[in-house]
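Fold and contact review
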Amino acid sequence: MTSALGSVPAGPGTATRPGGADPARPARRNRRGRPTRWIGWLWVLPALLMYGFFVLRPLALTVQYSLYRWNGIGPAQWVGFDNYLTVFTDRDLLKIITNAFVLIIFFSFIPVVLGLLVASLVRRITTGPGGTLVRTVLFLPQVIPLVAAGIAWSWVLSSNGLVNQLLRAVGLDRVTRPWLGEFSTALPAVGVIGTWIMLGLCTILLVTGMSKIDPSLYEAARMDGAGPIREFFAVTLPSLRQEIGVCLTVTVIAALASFDIVYISTSGGPGIQTTVPGLEIYRLAFSQRQVGLASALGVVLMLLVLVCVLPIQRLTRGEKP
Amino acid sequence: MNLTSRSERVSGRIFLIALVVVTLLPFLSMLSAALQPRGTVPTGLAWPSDPQWSNFADAFTAANMGALLKSSMLIVAGVVPIGVLIATMAGFGLGHLRVPGGHIAFGLLLLGLTLPFEAVVTPLYYQMRDLGLLNTRWAIILPLIGLYMPFAVFWMRAHFTNVPAELSEAARVDGSNTWQLFWRIHVPLARPAIASLTILLFLWTWNQFLLAIVMVDDATKRTMAGALGAFQGQWGTDLVLLCAGSLLILTPTLIVFLIFQRQFIKALLQGSVKG
């Protein structure tokens, strides 16, 4: 696309493919007067100033804080990389980081797998009123605040809640328990809330992608005698690579940086069973006054997100022609 | 397309319907609890013999809904117009005017695209304290504008990159300057992108929780989500009232969502694809 310097981009000019926005793209040579080009920075400046002052500056400060021991009030004491050492050696903090990765199973893998299943069975959601209804309902969890989802599910998963009511109805009284309150079930129970939030989005994204696949591909696969399973791996999965990438990116970030749901439904308990890095940063910084350690955990969390998300991006975008 | 077999399509339908039911059940369960008499212990999903709709009125007073709505709207009014305006301008500068060295600014912004808010919330708190803005809505509004810039500029730039340069050149012949060009030609053309961005920023602001609870102690100066957190803290033991209040606090979002449903779904789908 960039080769056609100065000319109107042919054909897919209005296509809004994410691949079209390449950060490394060279600035186009300007045929107009030169002075206007530098003045153009005035257009970018307000956004950059807000970003610089409210994101880049705090980010630099987080890195700086992370090298000190500081209670937020008194003098700060330089400790070098001690805080990072603590993050990677302290048993509790390691457990907290692991919890975030466990949540990825519930926030990302289960919704994507179930979404793929539904997508390959449904192929498309009709455009009629039924389809609109389905789409609207499946989007509800994306629209309501996560806090509300947390409150609703704390009730659903409580001793008298809907889950236990259903279990009793089918005679599984022995299994009933306060799901968010017991050591063994608390983290998966929080995960289920995440699954509920992400499932609709993933399903609709995948079904939408599915409806764009050329039906002749399936025809060809059937002619070659492929069964539904071969068909899935040979046609569906490769064609949906980009949509799967999107689902994974969004949900993995949501899992690693989760805060609202956990804060509302369990406050990290019982013990630290459901504590996630986001919640621990909040607690360390604002209740325990360990600003340095909180900041180190913040830096680690930011890097973890990058380390997990960049490969997904590469996988889904890099090999595109 | 008769390729999908009948049984496949039927099982697909069933899956989809099951998904819809599972999505709705928590809401129904909340509603059934909200309608029980105050002071009783509700169970999962049971339609009350005598639904107590007055619980919603109680919750309205208990949650101080009037003040909450006003506060959330003030915050949205502070964040969304300014955020959309400066992001559109920056997108125009980077995507259409192609300022020299613009890719550096863009790269810097990309850095923030995956940044978890938790990573910067601590210094932001001290920054706001030093500015004397803690416990005011500005402490939520100003950082949010900055935090939304990576996505918002990315979004608007993607639109402006695809606008042919000839469009501006033709207008320049007429003697309009860049400012006029922007308002007369480019903003009207960018309306769909701006609309989606507006919807997304509204939703994210309304639902913002972390900044609200860190920066502001007074629930009536927070966002809706932040207020809901406080409401749970206060009424957590009174399940009936908690469910009624939560549903009530959800209603404004739901109404806006149902009205602009098509645009919302489009914006959320596109938003996740690009973000």
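Residues numbered from 1 in each chain as written. Chains lettered and ligands numbered in written order. Predicted model: local features only at pLDDT ≥ 70, side-chain atom pairs only at ≥ 80, totals over all residues.

Thoughts on the overall build of chain B
The number of helices and strands found in chain B is 13 helices and zero strands. In sequence order, the secondary structure elements of chain B are arranged as α-α-α-α-α-α-α-α-α-α-α-α-α. In terms of overall dimensions, chain B is more spread out than a globule: its C-alpha atoms have a radius of gyration of 23 Å, far above the 19 Å expected for 275 residues. Principal axes of the C-alpha set define a box for chain B whose edges measure 75 × 65 × 35 Å. Looking at the 275 residues of chain B, the share that counts as buried comes to 51%. Expressed as a percentage of contacts within chain B between residues at least 6 apart in sequence, the contacts between residues at least 24 apart total 72%. (Helix = DSSP H or I, 4+ residues; strand = E, 2+ residues; numbered from the N terminus. Rg over C-alpha atoms; globule rule 2.2 N^0.38 Å. Buried ≥ 20, exposed ≤ 12 C-beta atoms within 10 Å, placed from the backbone. Contact = placed C-beta atoms within 7 Å.)

Comments concerning the environment of Leu 187 of chain A
Residue and element names in this part refer to chain A. With respect to the helices and strands, the residue Leu 187 is situated in helix α8 (residues 186-210). Residue class for Leu 187 comes out buried when judged on the 21 C-beta atoms lying within 10 Å of it. Spatially, the C-alpha atoms of Leu 187 and Val 102 are 8.1 Å apart, while their sequence positions differ by 85 residues. For Leu 187, the contacting residues outside a window of four places in its chain are Asn 99, Val 102, Gln 273 and Thr 274.

As for the packing of helix α6 (residues 146-156) of chain A against helix α12 (residues 239-259) of chain B
Here α6 of chain A crosses α12 of chain B at 150°, and the two axes come no closer than 10 Å. Overall, the two elements α6 of chain A and α12 of chain B adopt an arrangement that is roughly antiparallel. Here α6 of chain A runs over α12 of chain B; the crossing is left-handed. Every residue of α12 of chain B that contacts α6 of chain A at Ala 148, Ile 151 and Trp 155 of chain A is listed here: Leu 239, Leu 242, Cys 243, Ser 246 and Leu 250 of chain B. The class makeup of the residues in the contact of α6 of chain A with α12 of chain B is seven nonpolar, one polar and no charged. (Axes fitted to C-alpha atoms, helices over the stretch in contact; angles between N-to-C directions. Parallel < 35°, antiparallel > 145°, perpendicular 65-115°, else oblique. Left-handed = near helix turned anticlockwise from the far one by under 90°. Nonpolar A, V, L, I, M, F, W, Y, C, P; charged D, E, K, R; others polar.)

Let's talk about the UniProt feature "transmembrane region" (unreviewed entry) in chain A
All names here are of chain A. Under the UniProt annotation, "transmembrane region" (unreviewed entry) lies at residues 38-60, 96-121, 133-156, 186-207, 244-264 and 291-312. Regarding residues 96-121, the helix share stands at 100% and the strand share at 0%, and the terminal C-alpha atoms are separated by 38 Å. With 100% helix and 0% strand, residues 186-207 has end C-alpha atoms that lie 32 Å from one another. (UniProt positions renumbered as here; feature names shortened; annotations may be inferred.)

Here's the deal with the interface of chain B and chain A
Facing 94 residues of chain B, the contacting portion of chain A comprises 98 residues. With 15 residues, helix α1 (residues 6-34) of chain B is the largest single contributor of residues to the side of chain B that touches chain A. Of the residues assigned to the side of chain B that touches chain A, the class counts are 61 nonpolar, 27 polar and six charged.

A look at the domain arrangement of chain B
Residues and elements named next belong to chain B. The domain architecture assigned to chain B consists of domain 1 (6-52) and domain 2 (58-274). Averaged C-alpha coordinates put domain 1 and domain 2 at centres separated by 32 Å. Contacts between the two partners involve seven residues from domain 1, matched on the other side by seven residues from domain 2. Taken together, the residues that form the side of domain 1 that touches domain 2 break down as five nonpolar, one polar and one charged. (Domains from an automatic or database assignment.)

Some points on the UniProt feature "transmembrane region" (unreviewed entry) in chain B
All names here are of chain B. According to UniProt, the positions carrying the feature "transmembrane region" (unreviewed entry) are residues 12-35, 73-92, 104-126, 138-156, 193-216 and 239-260. End-to-end, the C-alpha atoms of residues 12-35 are 35 Å apart, and along that stretch the chain is 96% helix and 0% strand. A distance of 28 Å separates the end C-alpha atoms of residues 73-92, which is 100% helix and 0% strand.

Focus on the environment of Phe 54 of chain A
Structurally, Phe 54 of chain A is set in helix α2 (residues 41-65). Residue class for Phe 54 of chain A comes out buried when judged on the 22 C-beta atoms lying within 10 Å of it. Dropping the residues within four chain positions of it, Phe 54 of chain A is found in contact with Leu 124, Leu 142, Pro 143, Gly 146 and Leu 147 of chain B.

Some thoughts on the UniProt feature "domain: ABC transmembrane type-1" (unreviewed entry) in chain B
This chain's UniProt record puts "domain: ABC transmembrane type-1" (unreviewed entry) on residues 69-260 of chain B. The annotated region residues 69-260 of chain B carries 79% helix and 0% strand content, and the separation between its end C-alpha atoms amounts to 19 Å.

Description of the packing of α1 of chain B against α12 of chain B
Residues and elements named next belong to chain B. Where α1 meets α12, the closest approach of the two axes is 8 Å, and the angle between their N-to-C directions is 125°. Regarding the angle of α1 to α12, the classification is oblique. Like other packed secondary-structure pairs, α1 and α12 cross with a definite hand, here left-handed. Residues Met 30, Leu 31, Ala 33 and Ala 34 of α1 lie in contact with α12, whose contacting residues are Leu 239, Val 240, Cys 243, Ala 244, Ser 246 and Leu 247. The class makeup of the residues in the contact of α1 with α12 is nine nonpolar, one polar and no charged.

Focus: unusual backbone geometry
Here the bond from Gly 269 of chain A into Pro 270 of chain A is cis, since omega is -5°, no more than 30 degrees from zero. One can find Pro 270 of chain A in the loop between α12 (260-265) and α13 (277-286). For Arg 289 of chain A, which is not glycine, the phi torsion reads 55° and is therefore positive. At Arg 98 of chain B, a residue that is not glycine, the phi angle is positive and equals roughly 50°. Positionally, Arg 98 of chain B belongs in the loop between α3 (65-97) and α4 (102-110).

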